[in-house]
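# Chain and residue survey
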Amino acid sequence: MPPDSIYWTSEQLEWMDDQVAIYSWCYEDNDLLLFWPSLFEVYFLCWPERQILLPDIPESQVLTDEQHRALSEAEDCRKFRIKTWLEYKRTLSSAWIPYLPFLTGSTDERQAVLQLEVDVDCAGKRA
């Protein structure tokens, strides 16, 4: 997956991160029919695709058929990216099994420190 910064602002990422738990819950309940329209409605109210695609055209100006078609395609593409991103994050969070540290019985302090460093490094990559 490309870096998130290519498609999203930090504000959008923060908002979408907040949606992962709701998405996961709706996914598990097989209840996404109402989830998607409400999610897209809020997303496009906050970040209208028209402002990105056609920044020089005032909101009050009526779009041509070609502009309307381009805007519709851009919104469909954004919806696909949102769905893909949320599914990717859901599968990451549901596949993650937290590491529970335990003593291996070794009295060698260096081994314990090394094990701790590996666990912390893996945890850092996981986030």
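Owing to the predicted nature of the structure, the values given are computational and were not obtained by experimental measurement.

Cut-off values and rules
- Residues numbered from 1 in each chain as written.
- Predicted model: local features only at pLDDT ≥ 70, side-chain atom pairs only at ≥ 80, totals over all residues.
- Heavy atoms only, no water.
- Helix = DSSP H or I, 4+ residues; strand = E, 2+ residues; numbered from the N terminus.
- Expected span 1.5 Å × (residues − 1).
- Buried < 20%, exposed > 50% of the residue type's maximum accessible area, 1.4 Å probe, protein only.
- Arc of directions from axis to C-beta.
- Core = buried A, V, L, I, M, F, W, Y, C linked by side-chain atoms within 4.5 Å.
- Contact = heavy atoms within 4.5 Å.
- Axes fitted to C-alpha atoms, helices over the stretch in contact; angles between N-to-C directions.
- Parallel < 35°, antiparallel > 145°, perpendicular 65-115°, else oblique.
- Nonpolar A, V, L, I, M, F, W, Y, C, P; charged D, E, K, R; others polar.
- Bend = angle between axes of the 7 residues up to and from the residue.
- Patch = residues over 30% accessible without salt bridge, like charges linked within 9 Å, V, L, I, M, F, W, Y side chains within 5 Å.
- Areas by Shrake-Rupley, 256 points an atom, 1.4 Å probe, with all protein chains shown as cover.
- Salt bridge = Lys/Arg side-chain N within 4 Å of Asp/Glu carboxyl O.
- Lys, Arg positive; Asp, Glu negative; His and termini not counted.
- Charge placed at Lys NZ, Arg CZ, Asp CG, Glu CD.
- pLDDT = per-residue confidence, 0-100.

## A closer look at helix H2 (residues 35-46)
Look at H2: 17 Å from first C-alpha to last across 12 residues, which is about the 16 Å you get at 1.5 Å a residue. Restricting attention to buried positions, one finds in H2 the residues Phe35, Trp36, Leu39, Phe40, Tyr43 and Phe44. Looking straight down H2, one finds that the buried residues subtend no more than 135° of arc, so they occupy a single side. Of the exposed residues in H2, those oriented more than 90 degrees away from the buried face are Glu41 and Leu45.

## Description of the nonpolar core
Residues Phe35, Trp36, Leu39, Ile82 and Leu86 are the most contacted members of the largest nonpolar core, which totals 18 residues. Secondary structure elements with two or more residues in this core: helix H1 (10-28), H2 and helix H4 (65-95). Setting aside residues no more than four positions away along its own chain, Leu86 makes contact with Met16, Gln19, Val20, Tyr23, Phe35, Trp36 and Leu39.

## Side note on the packing of H1 against H2
Relative orientation of the contacting elements H1 and H2 amounts to 170°, with a least axis distance of 12 Å. Between H1 and H2, the interaxial angle falls into the category roughly antiparallel. Across the interface between the two elements, Gln12, Trp15, Gln19, Ile22, Tyr23 and Cys26 of H1 pack against Phe35, Trp36, Leu39, Val42 and Tyr43 of H2. Its residues placed into classes, the contact of H1 with H2 shows 9 nonpolar, 2 polar and no charged.

## Description of the side chain of Arg90
As for its position among the elements, Arg90 is in helix H4. On the accessibility criterion, Arg90 (8% relative accessible area) is buried.

## Side note on the environment of Lys79
Within the secondary structure, Lys79 sits in helix H4. According to the relative accessible area criterion, Lys79 is partly exposed, its value standing at 27%. Along the chain, Lys79 and Phe44 lie 35 residues apart, while their C-alpha atoms are 9.7 Å from each other. Excluding its chain neighbours within four sequence positions, the residues that come into contact with Lys79 are Phe40 and Phe44.

## Points about H1
Taking 1.5 Å of rise per residue, the 19 residues of H1 would be expected to cover 27 Å, and the 27 Å separating its terminal C-alpha atoms lies within 8% of that figure. Taken as a whole, H1 carries its principal kink of about 30° at Val20. Those residues of H1 that sit buried are Gln12, Leu13, Trp15, Met16, Gln19, Val20, Tyr23, Ser24 and Cys26. Positive phi shows up at Asn30, right after H1, with a value of about 55°.

## Details of a negative patch on the surface
Side chains of Glu11, Glu14, Asp17 and Asp18 sit close together on the surface and give a patch of like negative charge. Following the sequence through the fold, Asp18 ends up in helix H1. Given the relative accessible area of 51%, Asp18 is considered exposed.

## Concerning the confidence of the model for the protein
With 69% of its residues at a pLDDT of 70 or more, the protein shows a mean pLDDT of 78. When mean pLDDT is compared element by element in the protein, H2 scores highest at 95, while helix H5 (residues 109-126) scores lowest at 42. A low-confidence stretch, residues 96-127 stays under pLDDT 50, and its non-local contacts, those more than four residues away or across chains, total 7 contacts.

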